[in-house]
Amino acid sequence: MSHVLDPGHVSLTALEAIWRGTERIDLHPGARPAIEAAEKLVRRAAEGADAIYGVNTGFGKLASVKIAPGDTQTLQRNLILSHCCGVGDALDGPTTRLMMALKLMSLGRGASGVAWGTVALIQSMLNAGVMPVIPDKGSVGASGDLAPLAHMAAVMIGAGEAEFEGQIMPGEAALKAAGLSPITLGPKEGLALINGTQFSTACALAGLFTAWRNATTAIVTGALSTDAIMGSTAPLNDEIHRLRGHAGQIEVARAQRTLMAGSQIRESHRQGDTRVQDPYCIRCKPQVTGAALDLLRFAGRTLETEANAVTDNPLVLVDQGLIVSGGNFHAEPVGFAADQIAIALSEIGAIAQRRVALMVDPTLSFDLPPFLTSDPGLNSGMMIAEVTSAALMSENKHLANPCTTDSTPTSANQEDHVSMAAHAARRLERMNENLHAILGIEAICAAQGIEFRAPLRTSDDLSAVMTRLRAQVARVGQDRYLAPDIRAAAALVAQGALTHGFALPELCAEAGQ
């Protein structure tokens, strides 16, 4: 199987498959004529007398400096090397691969002026497994992700570093080992490679795909928690949610009704239950988690558009015979989307943590033992697991503060407003990891609570979830070293193991149908 990228028409589903997989990636052959037409226009402009930004001028604040025709190749090489100023940890392999695919898609639109050989080298690197080492810090999200993308482009010209077959090596050596050769950049090519939002967009997409898995897992763990505390399913009535009309809310309620159908625990307290209403973390779960789904889908539409966009500068408008400076490199849409994803992650974790707190509190858990241990006092049970979930929830709240509301002038005030989209997107990985653990702790607590309801059984679907959990995390009897159990449960969440096979909302589905 291979992914054939039709520039401007690549779906979120395809982008997620690229990020999660290793299949071959090819640019649609129909993209080549437009790419070559744009390159021809750039070469003609480079030989002319008019100053055209990035073709025969300096960059940024130095745009007024005219470059002689004989120096255009040196100009582009110098641009790449001087912009390789990234710091921090190397970007992970799947997200690097996605970033390169996004750059391939952008150049494939035929508005960047690069040579076909340049596009072909990115494609060949992807398919040969030559992954540039991309430091994950250094971009302010305008003028594009300059430093990260420069580290990608450096490998293409035989500089920088790359990973090949599990080994980090100089870029030129990695190309040679893969049977590839570095290129010499022509007019504008260096600028086309590093001007763009592909680093920020790739990181935001990775955050989105992981966030969606967390959100659907929260539907499952929340259903477990509801049965553990003998919560009511009356608030899941479909008509309640249709009267409000939000698609995500409708879907969450529907999914939880299905998951809990047939639970003996639920049926046991339909009559004679002295409680009138459950706390909001149980009763309002569709409203909160559903709103998060809607927000994630909104962010997904933004990122799908950006993934298919041309975001370098200047742009080559072949039909008009023009090379025009603009500002598509400004990653404000990506920053906004990343901030929205962060808010959704924070709220999913916040309400899940309150369910954990509910289950360990004997005054609220409807006769579950304190801290879910049969011998409280001698044993602390899930006391500190709940504290850990609270710590992670609080950390995510702080991380959810918006990044795009910050800006600082750069490049001698030429670039005087920037998006901060890169770290807006990068912080999503940390937030998702925190949420994996919160939901893992919820799953452990809920399973423990349900087992205290024996001989009553939960539903078949939730019993299947507990079987998957118990294969990795044994029931907690006497106190034991719990850190490995929390890691194992978090790993199950990260892998999507607790959601497999259930009818849960999909990121790209038509919602509310």
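Here goes a summary of the coordinates provided. (Residues numbered from 1 in each chain as written. Predicted model: local features only at pLDDT ≥ 70, side-chain atom pairs only at ≥ 80, totals over all residues. Heavy atoms only, no water.)

Attention shifts here to the overall build of the protein chain. Secondary structure assignment for the protein chain yields 19 helices and nine strands. For the protein chain, whose C-alpha radius of gyration is 26 Å, the value lies close to the compact-globule estimate of 24 Å for 513 residues. C-alpha atoms of the protein chain, sized along the principal axes, occupy 90 × 45 × 45 Å. Across the 513 residues in the protein chain, those meeting the buried criterion constitute 56%. Within the protein chain, one finds 40 positive and 51 negative side-chain charges whose respective centroids are separated by 2 Å. (Helix = DSSP H or I, 4+ residues; strand = E, 2+ residues; numbered from the N terminus. Rg over C-alpha atoms; globule rule 2.2 N^0.38 Å. Buried < 20%, exposed > 50% of the residue type's maximum accessible area, 1.4 Å probe, protein only. Lys, Arg positive; Asp, Glu negative; His and termini not counted. Charge placed at Lys NZ, Arg CZ, Asp CG, Glu CD.)

Okay, the sheet that holds strand β7 (residues 167–170) next. In spatial order, the strands read β4-β6-β7; together these three strands make up an open sheet with antiparallel pairing. Strands with a single pairing partner mark the edges of an open sheet, and in this sheet they are β4 (131–132) and β7. By the bridge criterion, four bridges tie strand β6 (residues 161–164) to β7 in an arrangement that is antiparallel. If you follow E163 over to β7, its bridge partner there is I168. (Pairing = 2+ DSSP bridges.)

A separate point is the nonpolar core. Membership of the largest hydrophobic core comes to 150 residues, with the highest contact counts inside it found for L15 and L205. With sequence-adjacent residues up to four places away left out, L15 is seen in contact with V10, L98, L102, M105, L205, F209 and A307. (Core = buried A, V, L, I, M, F, W, Y, C linked by side-chain atoms within 4.5 Å. Contact = heavy atoms within 4.5 Å.)

Relative orientation of the contacting elements helix α9 (residues 198–228) and helix α18 (residues 460–470) amounts to 105 degrees, with a least axis distance of 11 Å. Judged on the interaxial angle alone, α18 and α9 are roughly perpendicular. On α18, the residues touching V220, A223 and L224 of α9 are L462, V465 and M466. Across the contact of α9 with α18, the residue classes break down as six nonpolar, no polar and no charged. (Axes fitted to C-alpha atoms, helices over the stretch in contact; angles between N-to-C directions. Parallel < 35°, antiparallel > 145°, perpendicular 65-115°, else oblique. Nonpolar A, V, L, I, M, F, W, Y, C, P; charged D, E, K, R; others polar.)

This next bit is on the environment of A352. Position of A352 relative to the elements: it lies in helix α15 (residues 332–360). Here A352 falls in the buried class, since its relative accessible area comes to 0%.

What follows deals with the packing of helix α4 (residues 93–107) against α9. Between α4 and α9, the least distance of the axes is 8 Å, while the angle of their chain directions is 125 degrees. Relative to α9, the element α4 is oriented oblique. Between α4 and α9 lies a crossing whose hand is right-handed. Each of T95, L98, M99, L102, K103 and S106 in α4 lies in contact with α9, whose residues at this interface are Q198, F199, T201, A202, C203, L205 and A206. Of the residues in the contact of α4 with α9, the class split is eight nonpolar, four polar and one charged. (Left-handed = near helix turned anticlockwise from the far one by under 90°.)

On to helix α3 (residues 72–83), then. For α3, spanning twelve residues, the distance from its first C-alpha to its last is 17 Å, which sits close to the expected 16 Å at 1.5 Å a residue. Within the span of α3, buried status applies to T72, L75, Q76, L79 and I80. One side of α3 carries all its buried residues, which in axial view fall inside an arc of 130 degrees. Its buried side turned inward, α3 meets α6 (146–156) and α8 (189–194). (Expected span 1.5 Å × (residues − 1). Arc of directions from axis to C-beta.)

This part is about the pattern of salt bridges. Within the structure shown, the criterion is met by 16 salt bridges. Here D26 makes a salt bridge to R24, at a shortest N to O gap of 2.9 Å. Classification of D26 as buried rests on a relative accessible area of 15%. Note that R475 is salt-bridged to E451, the shortest N-O span being 3.1 Å. Of this pair, R475 sits in the loop between α18 and α19 (483–495) while E451 sits in helix α17 (residues 421–451); the two residues are 24 residues apart in sequence, bridging distant segments of the chain. Put simply, D238, R242 and R257 are held in one network by salt bridges that share partners. (Salt bridge = Lys/Arg side-chain N within 4 Å of Asp/Glu carboxyl O.)

We now examine the pairing of strand β1 (residues 2–5). Only one face of β1 is covered, namely the one carrying H3 and L5; the face carrying S2 and V4 has none of its residues buried. Note that β1 and strand β2 (residues 24–27) share four bridges and pair parallel. Across the sheet, S2 pairs through a bridge with R24, a residue of β2. This β-α-β element, β1 to helix α1 (residues 12–20) to β2, shows right-handed connectivity. (Right-handed = clockwise from strand over helix to strand, strands pointing away.)

Only one face of β6 is covered, namely the face carrying A162 and F164; the face carrying E161 and E163 is uncovered. From the end of β6 to the start of β7, which pair antiparallel, there are two residues, and E165 there has a positive phi angle of about 50 degrees.

This next bit is on the packing of aromatic side chains. In this structure the tally under the stated criterion is one aromatic pair. Ring centres 5.8 Å apart and planes at 40 degrees place the aromatic pair W19 and F209 in the tilted group. Of the two residues, W19 sits in helix α1 while F209 sits in helix α9, which places them 190 residues apart along the sequence. Classification of F209 as buried rests on a relative accessible area of 1%. A cation sits over an aromatic face here: R275 above F366, 3.6 Å from the ring centre. Over the aromatic face of F452 sits the side chain of R475, whose NZ or CZ is 4.7 Å from the ring centroid. (Phe/Tyr/Trp six-rings, centres within 6.5 Å; stacked < 30°, edge-to-face > 60°. Lys NZ or Arg CZ within 6 Å of the ring centre and 35° of its normal.)

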